[in-house]
Each structure stands twice: as structure tokens, then as C-alpha cells.
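# Residue-level structure breakdown
Residue-level listing of the chains:
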Amino acid sequence: MKEITELKFPENVRYAESHEWVKATGETAKLGITDYAQDQLGDIVFVELPDVGESFEKGAEFGTVESVKAVSELYMPVSGEIVAINDALEDAPELVNNTPFSDGWMIEIRLDNSSELDALLDQDAYLSTLKG
Amino acid sequence: MRYFPHTPEDITEMLKTVGVDSLDALFDTIPADCRRKDELDLPQALTEWELNHHIDELCGRMAVSPEYKVFMGAGSYEHYIPVSLNHLLSRSEFVTSYTPYQPEMSQGTLQAIFEYQTLTARLLGMEVANASQYDGASALAEAALMAVRISRRKKVAVSRLVHPHYRRVLATYLAPTDYEILELPYLPDGTTDLSSLNGMDELAAVIVQSPNFFGCIENLKTIGDKTRSEKTLFIVGFSEPLAYGMFKNPGSQGADIACGEGQSLGIPRSFGGPALGMFTTLMKYVRNMPGRLVGQAADVEGKRGFVLTLATREQHIRREKATSNICTNHSLCALASAIYMSSLGGSGIKTLARLNFDKSEYLKDALRQAGFSVPFKQTTFNEFVVQFKDGFDKTYERLTAEKIIAGLPLECYYPELANHYLLCVTETISKQDMDLLVQKLK
């Protein structure tokens, strides 16, 4: 595993304490897991995602990510309806390890309430939770 | 297999190694009121010959072949078990080994499971088999839970012709959940009434058994074709997998999960157990499959080896989020069936299946000619239902006294089927046995 200083955390996304990131563009938002989360999990071998059209409350489990070490649940940092999923992960789950904030995105949602984003952490706040 | 209890010297040495003075000191961390103070209230130990005598007496109270002619199957089948099977199976490497907690150390055990999985998947025509489960009933219940997980739906439709015991276990599994069981009735020909599926929406699974409890072959393809394009999973159960040596296997008919009892493949009936839960599915569902799975891999030098795959979904790692509470399997029974299947081979299984079918058809014809009714017209494999005249229970008792068990009375499972009996004929029943039964029935 890497030192926290070796991990990358973009400024233009919001973070959840459960290690998901959200990047909003107007009414919709893309989300995935952070560099820290993928590093902790190790080699990711499978990502199980929901169907387009399903709706989830904030905090609900929307899928699972499986690495050679463990299976972890994925939680919604904000409420919304699934409008797209990253099909590429089915054949190339390692995208989550390689580029967690870009090609390794998991789902795109229509935000129920964009003010929920304000409750999430910014880069600095997330980094300080990691450093404890 | 050898039984060596610890000698006092062994115990003293072990206590010394751990660094305590006595057994009591070793158990000191267990609160005193949780420890038994007096001796267990057990009868005096028997000598070996007394024990043999006692067990013989117990056996004498049961109707066991070959002393009895047993025409009863109903989920447990008497097939001849090759002598070579018991010889191989009783090797201590297999008999005494426990579940591989450090799995890759146990390459022999893993390979045995791998071969079992391969043979099972081939027999059932499915893509992947797990390392086995407790029995057909628990396998079927796990299949229903798996369908619920995959479809994210809560209703399962189950044919009334699935083995009544399997349905009870399924009901027990689902009782604490909010999942619902819908029952599919049966038709006059002895197959499941599929028209009742119309109007059942949002089904997680359709569950039928083939051959079903009446011995009849279900029209699997009709269901497979219907569910193929839907989220509903098609689960095919079985209690007599030998039938697939003759009839089309579940995989070829569109099953998403095929699971059931493997006792008939080389495991003695043993008064009902231990049994073998065979469980197979398609690769696309493998991550939702219960139980464990052994895979073939290559080591750093490229040599063939075996590993436990998908262990991340198991209970010891994933706790309450595991795909099932079963982290173990019936390895020895699985191995018995693997040895059985490979001893017979594909052509042997076909020949044996045909023999079972032909013999049971012989008895069916003989009973018809003797004036008894065979109410369900659908093709059967090695068992079938016969309707006898009122008061047949007296005849049944008389035959039992004459050491003939004339099938299983169905009324306790199907109240509408008074005087209906389920009769089974395998290769172990001779033509003379069948002729005698018919003669005694007249």
C-alpha cells in the first residue's frame, strides 16, 4: 500500500467519508471510489453495479467492489437515480485501480437534491480524515 | 482410519508447552459456572461384540435390502455401488481430512473437489458447479435465495411436484424473510401446470423438479424458453440425477440454476444420510453462487495447481454479507459421486439409466395388465405412481410382513391422492422381484 502523500485527490470533486467521490455537472453527477479506497482494496477483480433507472437514497448500498482480498459495499454519498453505469468495468475492473477518478468511474446519477453535495467533504477535509 | 486418544503423557507434554500446570488451569478462562462439574450420565461402555449385537438389533427393526425387496425411491435410491469406490473412498487421506482452512496446502483435497465439480457440471449441462452442499433440499433453498439476490425480487414460484421435503426446507429458509412462495399446481398428466404462471409477476424464480416427485419428466424447455428473456431465474431441481443419462439435462433446456440430491450417484441410502447437495449454475451468476468453488490455476513455474476461488464471498471473510452461511461442503460424499461418475463413464451412465427406465417400464406394464391404474400419463424415469383399490393399506402391511415394500403412500403429502403409491425400480431389483410383487398384489 502507498503512503497517503503518494495518492492523488483532485480538487474538483467532493468526497464521502466512506471513500466515494462525486463530481457534479448541473443536474447529474458521476461517482466512483477514491485513490485511497482502491489502494486499500488492492487488485480489483469485479465491480457489481445497479441497473439504469434504479433509485437510491443517500447512504444506501448501490453495488459491490471485489478485490483479491475482500468484497466491499459501495454506498451512495447523495440520493439519486442511476442514469448510466460504466460498462467498461465489466471487462476491465482494473480501471478502478489505474484511474479511479476518470476511466474508473462507476455510476452516473440524476441528483435528487444537489444541496446534499454541500454536506460532503472537500479535498482538504477528506485528506485530514485519512491522516486521522 | 486409526483412533488414538491422547495418553496422559501427551497431555502433560502439551500442558508444559503451553505453560500451564493442569487441564483445569487451561480452562480457567471459562467461567466456573459454565463448566460441568460432575461426570456425564452415560451408560457403561459396551464391548465391541456387544456393540455389534446392539447395532444388528437396531438394523433388524428396519426394512433393508437385500433382505427386503424395497420398491421405494422418493428421493433416495438404491443403486449398486462398485467395490472400487469404497476402496478408494476409505483411504485415510480422504476419510480423515477436515475442511481445508489453509486450502492450498491440501492439493489432493482441492483436486478431488475440482474433479467432482467438473463431472457434475458436465452431467447437468451447466457451466459451473460448486464444491457441493449438504443435500438436495438445502441446495434448492440456497438456489431460491440466490435468485432473490440476482433478480432483486421477492417472490418464487415452486411446483407442487418438487419433493415435499425440499419444499419444507425452502419454506423454513424463507420463513424469517419477507420473500413469498407461490405454489404451482399439477396437471392430470403428472406435470406442473405452467399456465398458472400467467399473472405471476415480478418472480425471482420458477422452481420445478425433473424427474418430479411423481417420477414424471417435466417439460423444461417450455419454462426455459419463457424465462430466457426475463429477469426471472429458472431453477431445475432433481432427486435422481441418473435420469440425465437418458433425458435432456437442465443446462440444455435453459436452466439458470440446476441443483438437487446426488445420493443416487454412489452414496448408500444409509437411513437418509449423509447426502450430497449438487449445485450448478451459469458463469454469469458465479459471484452470487453459495458455497465454495475450487478453481484450476498455475503457479509461478507454470505448474498446474488448485485454489479456492471467490473465497472473498465466503462467510469467514465476508461475515453477514456472505453469499450463504455454508462455508463447508460434503467433500467425502462429493468424492464418492466423482468416483462413481468416472467409474461408469458417460456411456456407463447412459446404459445404467436405460436399464432403470426399462425395468420400471416392465413393472408399470405388468401392474397395468394386472388391472391397476397408472394415473399420470407423462413419461417417467425409474419411478411412477400407481393407484390401488380402497383398502390397499391392509395389503401393504401384509406385503411388508413378507418383506416387500410396495412403494411410498402419497396421501400424507398429497391428501387428494388416497390409495396412490409411488413405486421405484432400479437396477438392483430383478425381474423375479417384480413378478413376485405383481403376483402378490393380485
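Everything that follows concerns the structure shown earlier in this document.
Before going into details, it helps to say that this report is about the structure given with it. The structure displayed is predicted, hence computed values, not measured ones. (Residues numbered from 1 in each chain as written. Chains lettered and ligands numbered in written order. Predicted model: local features only at pLDDT ≥ 70, side-chain atom pairs only at ≥ 80, totals over all residues. Heavy atoms only, no water.)

### Some remarks on the packing of helix α12 (residues 392–401) of chain B against helix α13 (residues 431–441) of chain B
All names here are of chain B. Applied cut-off: Note on method: axes are straight lines fitted to C-alpha atoms, helices fitted across the in-contact stretch only, with angles between N-to-C directions ranging 0 to 180 degrees. Labels follow the DSSP assignment, with helices taken as runs of H or I lasting at least four residues and strands as runs of E lasting at least two, numbered in each case from the N terminus. In this scheme, roughly parallel covers angles under 35 degrees and roughly antiparallel covers those over 145, while 65 to 115 is roughly perpendicular and the rest are oblique. Note: crossing handedness is left-handed where the near helix turns anticlockwise from the far helix by less than a right angle, and right-handed where it turns clockwise. In what follows, a contact means two residues having at least one pair of non-hydrogen atoms within 4.5 Å. Residue polarity is assigned by list, with Asp, Glu, Lys and Arg as charged and Ala, Val, Leu, Ile, Met, Phe, Trp, Tyr, Cys and Pro as nonpolar; anything else, Gly included, falls into the polar class.
Direction vectors running N to C along α12 and α13 enclose 135°, while the axes themselves pass 11 Å from each other. Here α13 runs oblique to α12, going by the angle between their axes. For the pair α12 and α13, the crossing hand works out as right-handed. Mapping the contact onto sequence places F392, T395, R398 and L399 in α12 and L437, K440 and L441 in α13. Tallied by class, the residues present in the contact of α12 with α13 amount to four nonpolar, one polar and two charged.

### Focus: the environment of B:L23
All names here are of chain B. Heads up, the condition is: Relative accessibility decides the category of a residue: with a 1.4 Å probe and only protein chains considered, values under 20% of the type maximum give buried, values over 50% give exposed, and everything between is partly exposed.
For L23, the location among the structural elements is in helix α2 (residues 23–26). Residue classification places L23 among the partly exposed residues on the basis of a relative accessible area of 40%. When the C-alpha positions of L23 and G391 are compared, they lie 64 Å apart, and in sequence the two are 368 residues distant. If near-sequence neighbours (up to four positions away) are discounted, L23 is found in contact with I11 and L15.

### A short note on the sheet that holds strand β1 (residues 14–15) of chain A
Residues and elements named next belong to chain A. Basically, it comes down to this: At least two bridges found by DSSP between two strands is the condition for calling them paired.
In spatial order, the strands read β1-β2-β3-β9-β8-β5; together these six strands make up an open sheet with antiparallel pairing. On the outer flanks of this sheet lie β1 and β5 (55–56), each paired with one strand and no other. Relative to strand β9 (residues 107–111), strand β8 (residues 80–85) runs antiparallel, the two sharing five bridges. Its bridge partner lying in β9, A84 is registered against E108.

### Some details on the interface of chain A and chain B
For clarity, the cut-off: The working definition used for a salt bridge is a side-chain nitrogen of Lys or Arg within 4 Å of a carboxyl oxygen of Asp or Glu. We call two N or O atoms a polar contact when they sit within 3.5 Å, provided that within protein one can donate a hydrogen and the other can accept it, with sequence-adjacent residues counted only if both atoms are side-chain atoms.
Each partner contributes residues to the interface: chain A has 16 residues there, and chain B has ten residues. Seen at the junction of chain A and chain B, the total is two salt bridges. Between A:E54 and B:R152 there is a salt bridge, with its nearest N and O atoms 2.6 Å apart. Scanning the region where chain A abuts chain B turns up two residue pairs in polar contact (both at pLDDT 80 or more). When residues of the side of chain A that touches chain B are traced back to their parent elements, those giving at least two are β4 (44–48), β6 (61–67) and β7 (71–75) of chain A. The element that contributes the greatest number of residues to the side of chain A that touches chain B is β6(A), accounting for four residues. Residue composition of the side of chain A that touches chain B, by class: seven nonpolar, two polar and seven charged.

### Some details on the sheet that holds β4(A)
All names here are of chain A. Pairing is antiparallel across the open sheet formed by three strands, whose spatial order is β4-β6-β7. The sheet is open, and its two edges are formed by β4 and β7, each paired on a single side. Taking the axes of each pair of neighbouring strands and ignoring which way they run, one obtains an average angle of 25° across the sheet. Pairing of β6 with β7, which is carried by five bridges, proceeds in the antiparallel orientation. Opposite T64, over in β7, you have E73 as the bridge partner.

### Topic: unusual backbone geometry
Residues and elements named next belong to chain B. That bond from S210 to P211 is cis: its omega, -5°, falls within 30 degrees of zero. Locating P211 in the fold gives a position in the loop between β5 (203–209) and α9 (220–227). Residue P274 is reached from G273 by a cis peptide bond, and omega for that bond is 0°. For P274, the location among the structural elements is in the loop between β7 (257–261) and β8 (277–281).

### Points about the pairing of strand β4 (residues 180–184) of chain B
Residues and elements named next belong to chain B. In plain terms, the rule: Here, the term right-handed applies to a crossover whose path from the first strand over the helix to the second runs clockwise when the strands point away from the viewer.
As judged from the five bridges shared by strand β3 (residues 155–159) and β4, these two strands associate in the parallel manner. Directly across from S159, in β4, lies its bridge partner L184. Tracing the backbone out of β3, into helix α8 (residues 164–174) and back to the parallel element β4 gives a crossover that is right-handed.

### Thoughts on the packing of aromatic side chains
Aromatic ring pairs are described here by two measures, namely the spacing of the ring centres and the angle between the planes. Test applied: When two rings of Phe, Tyr or Trp (its six-membered ring) have centres within 6.5 Å they constitute a pair, described as stacked for plane angles under 30 degrees, edge-to-face for angles over 60, and tilted for the intermediate range. Look at NZ for Lys and CZ for Arg. If either is within 6 Å of the ring centre and within 35 degrees of the ring normal, a charge sits over the ring.
Tallying each qualifying case throughout the model produces 23 aromatic pairs over all chains. Between the aromatic rings of B:F388 and B:Y421, the centroid separation amounts to 5.6 Å while the plane-to-plane angle is 65°, which identifies the pairing as edge-to-face. In this pair, B:F388 is assigned in the loop between β11 (383–387) and α12 and B:Y421 in strand β14 (residues 420–424), connecting sequence segments 33 residues apart. For the pair B:F392 and B:Y396, a centre-to-centre distance of 6.4 Å together with 65° between the ring planes defines the contact as edge-to-face. Highlighted residues: B:F392 and B:Y396, both in helix α12, separated by four residues, approximately one helical turn. Taken together, the ring pairs connect B:Y186, B:F213, B:F214, B:F376, B:Y413 and B:Y414 into an aromatic cluster. Directly above the aromatic system of A:W105 lies the positively charged group of A:K30, at a separation of 4.4 Å from the ring centroid.

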